[in-house]
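# Observations on chain architecture
As a plain string of letters, each chain reads:
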Amino acid sequence: MSYNSEDYFLSNEFKSLLKKFEAGEDGGAYAVLDPDELMDVAEYYYNNGDRQHAIGIIDNTLSVYPGSAPPLLFKARIALLDDNDIQKAEEYTEMIEDKFDLEYFYMKAEIMLYEGKNELADQYLEDKFLEIDDDDKDYFAIDSAALFFDYGVVDLAEQWLKRSEDTDCAEYKEQAARIFMEKGEYEESKKLLNELIDSDPFSIHYWNALASSQFFNNNIEDSIQSSEYSIAINPDNAAALLNKANGLYNLGNFKEALEYYKRYNKQSPNDENGEMLIGFCHLLLDEFDEAIEHFRKAEQLILPGTHNLVDIYKDWSFALCRLGRLDESIKMLDKAKELDSDPNDILVYKGNLLLGSGHAEEAKSCFIQALRGSGSSPEIFMKIAVIVFESGDSRLAYKMFNMLLDKNYDLRGAYACFAACCYDLGKKAEFLYALKKALDHSPFEVKTLLGKLFPDDMQPKDYYKYMLDKMSGEGRR
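The present account deals with the structure reproduced in this document. Computed from a prediction, not measured in an experiment: that's the story for all the values here. (Residues numbered from 1 in each chain as written. Predicted model: local features only at pLDDT ≥ 70, side-chain atom pairs only at ≥ 80, totals over all residues. Heavy atoms only, no water.)

Mapped onto the elements, Leu 432 comes out in helix 27 (residues 428–441). Every residue in contact with Leu 432, bar those within four places of it in the chain, is listed here: Tyr 464, Met 467, Leu 468 and Met 471. (Helix = DSSP H or I, 4+ residues; strand = E, 2+ residues; numbered from the N terminus. Contact = heavy atoms within 4.5 Å.)

Looking now at helix 24 (residues 378–390). It helps to recall that an α-helix has 3.6 residues per turn; residues three or four apart then point in one direction. Spanning 13 residues, helix 24 covers 18 Å between terminal C-alpha atoms, matching the ideal 18 Å at 1.5 Å per step. When helix 24 is considered as a whole, its buried residues turn out to be Ile 380, Phe 381, Met 382, Ile 384, Ala 385, Val 386, Ile 387, Val 388 and Phe 389. Elements in contact with the buried residues of helix 24: helix 22 (343–356), helix 23 (360–373), helix 25 (394–406), helix 26 (415–424) and helix 28 (443–450). Taking the backbone nitrogen of Glu 379 as reference, a side-chain oxygen 3.2 Å away marks Ser 377 as the first, capping residue of helix 24. Gly 392 sits one or two positions beyond helix 24 and adopts a positive phi of about 105°. (Expected span 1.5 Å × (residues − 1). Buried < 20%, exposed > 50% of the residue type's maximum accessible area, 1.4 Å probe, protein only. Polar contact = N/O pair within 3.5 Å; in protein donor to acceptor, adjacent residues only side chain to side chain.)

A few words on helix 9 (residues 118–131). Across its 14 residues, helix 9 extends 20 Å between first and last C-alpha, which sits within 8% of the 20 Å expected from 1.5 Å per residue. Within the span of helix 9, buried status applies to Ala 121, Tyr 124, Leu 125, Lys 128 and Phe 129. Buried residues along helix 9 cover an arc of 140° about the axis, so they all sit on one side. Opposite the buried face of helix 9, at more than 90 degrees from it, the exposed residues are Glu 119 and Leu 130. Those residues of helix 9 that are buried lie in contact with helix 8 (102–114), helix 10 (134–150) and helix 11 (154–161). (Arc of directions from axis to C-beta.)

This paragraph deals with a negative patch on the surface. A cluster of like negative charges, contributed by Asp 34, Asp 36, Glu 103 and Asp 143, occupies part of the molecular surface. With respect to the helices and strands, Asp 34 occurs in the loop between helix 3 (29–32) and helix 4 (35–47). Asp 34 sits in the partly exposed class, given a relative accessible area of 34%. (Patch = residues over 30% accessible without salt bridge, like charges linked within 9 Å, V, L, I, M, F, W, Y side chains within 5 Å. Areas by Shrake-Rupley, 256 points an atom, 1.4 Å probe, with all protein chains shown as cover. Salt bridge = Lys/Arg side-chain N within 4 Å of Asp/Glu carboxyl O. Lys, Arg positive; Asp, Glu negative; His and termini not counted. Charge placed at Lys NZ, Arg CZ, Asp CG, Glu CD.)

This part covers unusual backbone geometry. Backbone geometry at Asp 286 places phi at a positive 60°, although glycine is not the residue there. Unusually for a residue other than glycine, Ser 376 sits at a positive phi of about 55°. The residue Ser 376 is located in the loop between helix 23 and helix 24 in this model.

We now examine the environment of Leu 355. Assignment of secondary structure puts Leu 355 in helix 22. Each C-alpha atom, one on Leu 355 and one on Ala 414, is 19 Å from the other, the two residues being 59 residues apart in sequence. With sequence-adjacent residues up to four places away left out, Leu 355 is seen in contact with Ala 360, Ala 363, Ile 387 and Ser 391.

This part is about the packing of helix 6 (residues 69–82) against helix 7 (residues 86–94). Helix 7 packs onto helix 6 with a crossing angle of 170° between their chain directions and a minimal axis gap of 8 Å. Between helix 6 and helix 7, the angle falls in the class roughly antiparallel. On helix 7, the residues that touch Leu 72, Lys 75, Ala 76, Ala 79 and Leu 80 of helix 6 are Ile 86, Lys 88, Ala 89, Tyr 92 and Thr 93. Partitioned by chemical class, the residues of the contact of helix 6 with helix 7 number seven nonpolar, one polar and two charged. (Axes fitted to C-alpha atoms, helices over the stretch in contact; angles between N-to-C directions. Parallel < 35°, antiparallel > 145°, perpendicular 65-115°, else oblique. Nonpolar A, V, L, I, M, F, W, Y, C, P; charged D, E, K, R; others polar.)

Rendered as C-alpha cells:
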C-alpha cells in the first residue's frame, strides 16, 4: 500500500475488499483475491488483536500461492518482532520465490538491523541500490530511510532519504517530517505535515503526526486541536486519543485527561501505559484507592524488569503513603529499589515520603545517604531542593538552588520551583529571570506552581510579559 494502513482501513476501498473476503472466507476468497489483498485483510485482523485469524489467512494464502512474497514477509515479521525468532524469520524470508522483489531486500536488511548490524544492513542495501532499475531508486531510497528510522538509526535514515530525487511525493515528505521531528526541528516537521494534510485532509496518520510534533514543540493547544480533527475522523483511534489525553494532562486538566486515557485504554487494553496513566491521573486528583487499582493492573501487564515498573512502584508507594499506610508504602518503594539502577534516586523519593509523613529526621538521613552515595551529585541535590520547597521551606530551598547556580549547574528541571521560591521571598529580579527560564523549559510546571498569579484564561506563553509589565508598573508607583 502507498498510504498508511490506519487511513486505508477506514477507506471505502478496503471496506469493499473486507466485505468480499468475508463473503468468501470459506475458500472462494483465496481464488478471487491476490496475495497483496489477502495480506491487507490479514493485517487488519492482526492490528485489531486477532493474531490467530491473521495467521490462518496467511497460511491459507500460502497454500494457494506458495513462495509468494507478501504472506512470507508477514510470517517473517511476526517471527522476528513478536516471537524474537531470528532463525524462523530468515527461513520464511528465504522461502520467497522472487529473490529480486524489493520487499525481499528490505526484509533481509531488517533482520540485520534487528540484530544490531546497522553497517552491514547499510552496505547490503547499498549493493542492491546499485543493482535495481533506475525507476525504482527513488522509492528504494525512501523505503530504506523508513526502515532505518524504525530501528532508531536516524543518521543513516537521513542519508538514505537524501538519495531520493522525488522530494515532492507524499512518502518522501512523511519520512522527512519524521526525521525533522526526531532531530527537534519541529517547525520544519510541521511545515511538511501541513503540506501532507492539505493534500489529504482526512488522513488520521498525518493529523496524529502533526499533533505529536506540536506537542513536542510545546504548542499544546494546537496539538489538542489536531488530535480532535483525527478523533472526528475516527473516534476510536488510539493514537489520537492518547495525544489528546497527553495534551490535556500537560495543561493541568487532569479530569478530562483521565477520560481520554480511559478511552485510549479501551482501544489498547494490553498496553500498560494506559493503566499507568489512568492511575497517575487519579493520583493527581487525590483519588488514591482508584490510583492503586490501576497501578496493580499496569503491573500485571508490564514486562518484568522494564523501567516503567519502577515508576509504577514509586507512584504506588506515594498513593499508599497518602492513605496513611506508610509501612506498605516503604515496602513498595523497596520493590522499586530492587529494579532501579540508581538507588540514590529511590532514597531521595523515600525521604520525600517520610518528610511528608512527619518523619523529618528519618527523611534527613535518607537525603544524606543519597548525597554521599552519589558523590554529591548536583542532580540529587536539586531533587532534594525541590522537596524542601514542596515541604514549605522556601528560604532553605532558595539557598540550595543558588548553590547550584553558583556552580553553573543548569536548573532545567527546577526553574519553576526556583521562580516560586523567589516570588515567595520577594526577589523580583531573580523571579523574572527564573520565570523566563522555566517557561522556556517547562511551561506546564509554571502553570501548575504559579498559575494562581496570572489570569485564569491566560496561556503560559504570555506569563512573562504580563508579570514584567505588572512589576514595572509596581516599581513606578
